[in-house]
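Close look at the chain arrangement
Given next are the chains, with one letter for each unit.
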Amino acid sequence: MDTAVAIDVRLARALREARHVAVLTGAGISAESGVPTFRDALTGLWATFDPRELATPAGFRRNPKLVWDWYAARREQLREVAPNPGHDALARLEARVPRFLLATQNVDGLHARAGSRRLVELHGNIARVRCSRERGRIVATWDEPADEPPRCPSCGAFLRPDVVWFEEDLPVDALVAAEDAARACDLMLVVGTSGEVYPAAALPQYAADAGACVVEVNPAPTPLSRIADHALRAPAGVALPALVRAAWGEDVMPA
Ligand code: BV8
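The rules we used
Residues numbered from 1 in each chain as written. Predicted model: local features only at pLDDT ≥ 70, side-chain atom pairs only at ≥ 80, totals over all residues. Heavy atoms only, no water. Salt bridge = Lys/Arg side-chain N within 4 Å of Asp/Glu carboxyl O. Buried < 20%, exposed > 50% of the residue type's maximum accessible area, 1.4 Å probe, protein only. Helix = DSSP H or I, 4+ residues; strand = E, 2+ residues; numbered from the N terminus. 1 Å grid on protein atoms, 1.4 Å probe; cavity = no way out; pocket = protein on both sides within 12 Å on 5 of 7 lines; lining within 4 Å. Points joined across faces, edges and corners; volume = space filled by probe spheres on them. Contact = heavy atoms within 4.5 Å. Nonpolar A, V, L, I, M, F, W, Y, C, P; charged D, E, K, R; others polar. Near = heavy atom within 4 Å. Polar contact = N/O pair within 3.5 Å; in protein donor to acceptor, adjacent residues only side chain to side chain. Areas by Shrake-Rupley, 256 points an atom, 1.4 Å probe, with all protein chains shown as cover. Sits in = over half its atoms within 2 Å of the grid points. Pairing = 2+ DSSP bridges. Axes fitted to C-alpha atoms, helices over the stretch in contact; angles between N-to-C directions. Lys, Arg positive; Asp, Glu negative; His and termini not counted.

1. Things to note about the pattern of salt bridges
Within the structure shown, the criterion is met by 10 salt bridges. Residues Arg-10 and Asp-8 are paired through a salt bridge, measuring 2.6 Å at the closest nitrogen-oxygen approach. When its relative accessible area of 56% is taken as the criterion, Arg-10 is described as exposed. Taking relative accessible area as the criterion, Asp-8 reaches 22% and is therefore assigned partly exposed. The shortest N-O distance in the salt bridge between Arg-128 and Asp-162 comes to 2.7 Å. A residue pair is termed long-range when its members are at least 10 positions apart, and Arg-128 in strand S4 (residues 124-131) and Asp-162 in strand S6 (residues 159-163) qualify at 34 residues. Overall, Asp-162 belongs to the buried group, its relative accessible area being 15%. Residues joined by salt bridges that share partners form a network here, namely Glu-121, Arg-128, Arg-130 and Asp-162.

2. Things to note about the layout of surface pockets
The computed volume of the largest pocket comes to approximately 970 Å³. Forming the walls of the largest pocket are 49 residues, and the residues nearest its centre are Gly-26, Ala-27, Phe-38, Arg-39 and Asn-106. Of all elements in the fold, only helix H2 (28-31), helix H3 (45-48) and helix H6 (64-78) reach the threshold of two or more residues within the lining of the largest pocket. The element contributing the most residues to the lining of the largest pocket is H6, with five residues.

3. Things to note about the environment of Val-35
Turning to its location among the elements, Val-35 is positioned in the loop between H2 and H3. Its relative accessible area of 15% is what places Val-35 among the buried residues. Once residues within four sequence positions are removed from consideration, Val-35 is found in contact with Ser-30, Leu-78, Val-81, Asp-108 and Leu-110.

4. Quick look at empty space enclosed by the protein
Considering all chains together, one arrives at one cavity of 30 Å³ or more under this definition. Empty space within the largest cavity amounts to approximately 40 Å³. Lining of the largest cavity is provided by Ala-22, Val-23, Leu-101, Ala-103, Ala-178, Ala-181, Ala-182, Met-188 and Leu-203. Going through the elements one at a time, strand S1 (20-25), strand S2 (99-104) and helix H9 (172-184) are the ones with two or more residues in the lining of the largest cavity. Per-class residue counts for the lining of the largest cavity are nine nonpolar, no polar and no charged.

5. What to know about the site of the ligand
What surrounds the ligand is a group of 34 residues, the closest being Arg-39, Tyr-71, Val-164, Ser-194 and Tyr-198. At a separation of 2.7 Å, an oxygen atom of the ligand approaches a polar backbone atom of Glu-167. Take Asn-218: an N or O atom from its side chain is 2.8 Å from an oxygen atom of the ligand. When the free accessible area of the ligand is taken as 1500 Å², the share hidden by the protein chains comes to 75%. Judged by the fraction of its atoms near the pocket grid, the ligand is located in the largest pocket. Mapped onto the shell around the ligand, the elements with two or more residues apiece are H2 and H6. Per-class residue counts for the shell around the ligand are 16 nonpolar, 11 polar and seven charged.

6. Here's the deal with the sheet that holds S4
One open sheet accounts for three strands, arranged S5-S4-S6; its pairing is antiparallel. Strand pairing shows two members of the sheet lacking a second neighbour, strand S5 (138-139) and S6, which therefore form its edges. Pairing between S4 and S5: two bridges, direction antiparallel. Residue Val-129 lies in a different strand from S5, and its bridge partner there is Val-139. Docked against the sheet, H6 engages S4 and S6, running at close to 135 degrees with respect to S4.

7. Examining the side chain of Glu-179
When you line up the elements, Glu-179 lands in helix H9. Here Glu-179 sits buried without a salt bridge, and the closest side chain of opposite charge, Arg-183, lies 4.5 Å off (N-O distance). Beyond its immediate chain neighbours, meaning those up to four positions away, Glu-179 contacts Leu-203 and Tyr-206.

This is the structure in structure tokens:
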């Protein structure tokens with residue numbers, strides 16, 4: 001992996017002087033932790049499965065066991081991974097900025113494990129399992145039947161991952177907090193997202209419309225690149241520690 005990225009001195013100053021920073025992350029920030037992204041041609045989960053089959057209510061109704069097993073496999077895989085220097089840099093950044101909010105589309109829980117606290121999970125968290133009928137009922141333990149998902153101990157409906165599927169509404173509090181932060185921030189970091197999934201992908205436009213400095217951290221251009229004032233075309237695990245070092249001259253400890 002390349003180990004250097006040049007940080008524009010104006011960007012370093014903008015971050016150091018920012019009073020309110022908002023961050024939007026996507027699957028790309030977890031790629032260096034070994035978590036497959038959704039659209040990476042080589043390892044992307046969608047390359048293996050049809051999203052219409054798996055991450056939608058209709059897909060779950062059609063084949064509950066396949067969807068349950070896909071999430072169970074992803075939960076299992078997450079036991080082997082750890083936050084990377086990109087997650088760590090964002091946790092360190094939070095401690096340096098007066099007002100900060102990290103909105104993630106990821107469901108892998110790695111930001112919280114890295115120590116991020118001012119965090120909203122726009123698409124839920126794969127480690128949580130809930131009743132498919134009673135949205136608020138989180139279930140901590142279950143038996144694994146062979147031919148169908150486990151059932152809710154309270155009402156008998158299938159259990160499901162506590163994530164937001166396509167065509168499902170995002171948690172209102174999380175989305176409102178993320179939108180408010182996007183509209184109020186001085187600077188927004190947009191990290192590791194293809195910018196294709198809404199309403200999360202609308203957040204950088206809110207920040208740009210409000211006059212914030214928008215910074216894209218992504219090895220590849222995306223539909224969001226046109227609204228970015230700065231682009232760090234490098235992996236997040238390299239670019240984010242370099243950005244924090246350039247702003248405050250500190251070393252972000254390796255994960
Ligand atoms: C909603 C949880 C209202 C599950 C996910 C038609 C009908 C119905 C809806 C729609 C429609 N048309 C549009 C919509 C809205 C729809 C949508 O946006 N669809 C898209 C596909 C067009 N959105 C929704 O349905 C949302 N709900 O709108 O509710 C509603 C209600 C009823 C009817 C209609 C609307 C819900 C969206 C949430 C879906 N759930 N995840 C799970 O995880 O299994 S989305 C899923 O994709 C993940 O959360 C993921 O984060 C997200 C977005 O992907 P990215 O994070 O961007 O990841 P991706 O792989 O795409 O890109 C990775 C990037 O990282 C790349 O750019 C790559 O270059 C970069 N990268 C790679 N390596 C690195 C890196 N960057 C930095 N460092 C590296 N090392």
